[in-house]
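# Chains, contacts and geometry: an overview
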Amino acid sequence: MSNTKKRRDVEVYENYWKFTAAHLDITGTKFNNCLNIIVHFIDKNKEALDENAQNGSNFSDSELYKKLQQQIVDISGFKGSDATLSARKAINQFVKIGFVYPLLVGYHPLVKSFILESNKEKKEIIFSKIFYECSSLASDVTLDHRDLKHVNFLLKTLDKNGSLNKNDIIALMVTDISNYSVGYLTRNELDMQYQYAKICGFDERKYNQIAHLIGYLRRFVDLKYDKNEERFWFANDPLIANKDFDESFARDGVKHRIYKKELKEESKVIYGEVVCYLDKKPYKSLIASHIKPCVDCLKEYREDQAYDVNNGLLLSPTADSYFDKKDISFADDGTVLVGKNVAEVVRADFEKMRLDESILNERRKGYLEYHRRLFEQKNGGNK
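Residues numbered from 1 in each chain as written. Predicted model: local features only at pLDDT ≥ 70, side-chain atom pairs only at ≥ 80, totals over all residues. Heavy atoms only, no water.

What follows concerns the nonpolar core. Formed by 72 residues in total, the largest nonpolar core has its most connected members in Leu-35, Phe-99, Leu-104, Leu-155, Leu-213 and Phe-220. The element that contributes the greatest number of residues to this core is helix α1 (residues 29–44), accounting for seven residues. Each residue touching Leu-104, except ones within four places of it in the same chain, is listed here: Phe-41, Ile-42, Leu-49, Phe-59, Tyr-65, Leu-68 and Ile-91. Residues Cys-297, Val-336, Val-342 and Ile-359 belong to the second largest nonpolar core, which totals 32 residues. (Core = buried A, V, L, I, M, F, W, Y, C linked by side-chain atoms within 4.5 Å. Buried < 20%, exposed > 50% of the residue type's maximum accessible area, 1.4 Å probe, protein only. Helix = DSSP H or I, 4+ residues; strand = E, 2+ residues; numbered from the N terminus. Contact = heavy atoms within 4.5 Å.)

Rendered as structure tokens:
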């Protein structure tokens, strides 16, 4: 009997999001080991890999790439005639999710932090940052299409539409995102793309790839999934309230969610629960308060600062109202600086409080220096 794969009666030619995961558990040992081997290989062979990329050589047939494939086979337990194919799939997976660059010329700056992180929640936060910012499902080891950020497009579509079900995911997977300059699909566009996918029989032919993408999305922070309805939506965390924001500056809703999640996890690690950093109390609602105002960061085109966990403090709504209006600030030792317009009885309360040394890393102190300048401008240097 022939093992040749039967050709379909009618071939379907299409441009779709290609994603098959060799390792589904992003916090598991196999995922971590495989990534670590690739990173070690890149570090060890950086000069040769850079030279290959510059020369435009056929990397897929190179001895260097074959060597890495064999290492992945050895540590992953892949067996049989498809072992090398499975190894290539595993390597391509890390390129597609943005962890590793095409042609193996490097890797995302957060990758080593991901490998070393043992806390599952923190690992998922790092994964979410890389997956959202850099995932390109049109890229692989030999193809560089990092300008096409598919997961970024998907999650912005989710943010705009409120929720996405499995049919919507299928609709997105047959969408050429380069045709949508706004960076997302509307509800009407999702419905039309799903009809196209259904007529093409995409869900019947690519069910594994659909399932793998859904599986990875389920690990994204603050993303909720109803298995019965096969529907995703972003959680509105009642513990961390949203503040009013000057919408003349476009805030990235997904990155802001990750920023709030990071602050929560930081508080859990330091205090064992989510508390106000000033008085250490677990209020029903807290504010993820920016030290250097988010609008200032966006005006300067510094998204890296706008969503940096070190540019944030978890504060009670009362403390945040004073901090946000520059009526209080903090010295580098954590003591509260109180402005001239604060009532004496309130001043007395604030002066009993301080930020702990565990919160005051060097990056956070840098942002506090910026905030103190604003505080001093408002209070004429008087505290």
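So much for the structure itself; the text now carries on.
We now examine the packing of aromatic side chains. Applying the stated criterion across every chain, the model contains 17 aromatic pairs. On the basis of an interplanar angle of 65° and a centroid distance of 5.6 Å, the ring pair of Tyr-16 and Phe-202 is categorised as edge-to-face. In this pair, Tyr-16 is assigned in the segment before α1 and Phe-202 in helix α10 (residues 202–205), connecting sequence segments 186 residues apart. A single burial state applies to Tyr-16 and to Phe-202, both of which are buried. Taking the centre distance of 6.4 Å and the plane angle of 70° together, the rings of Tyr-132 and Phe-220 count as edge-to-face. (Phe/Tyr/Trp six-rings, centres within 6.5 Å; stacked < 30°, edge-to-face > 60°.)

Within the structure shown, the criterion is met by 25 salt bridges. Connected through salt bridges with shared partners, the residues Asp-25, Glu-124 and Arg-219 form a single ionic network. (Salt bridge = Lys/Arg side-chain N within 4 Å of Asp/Glu carboxyl O.)

Relative to the helices and strands, Asn-32 is located in helix α1. Taking the relative accessible area as the measure of exposure, Asn-32 reaches 15% and is therefore buried. Within polar-contact distance, the side chain of Asn-32 engages the backbone oxygen of Ile-115 at 3.1 Å. At 3.0 Å, the side chain of Asn-32 and the side chain of Lys-123 are in polar contact. Look past the residues within four positions of Asn-32 in its chain and what remains in contact with it is Phe-114, Ile-115 and Lys-123. (Polar contact = N/O pair within 3.5 Å; in protein donor to acceptor, adjacent residues only side chain to side chain.)

Let us now look at helix α4 (residues 83–96). Note: α-helices contain 3.6 residues per turn, so residues at a spacing of three or four share the same orientation. Between its terminal C-alpha atoms α4 stretches 20 Å, which fits the 20 Å expected from 14 residues at 1.5 Å a residue. Most of α4 sits inside the fold, with ten of its 14 residues counted as buried. Looking one or two places after α4, you find Gly-98, whose phi comes out positive at around 90°. (Expected span 1.5 Å × (residues − 1).)

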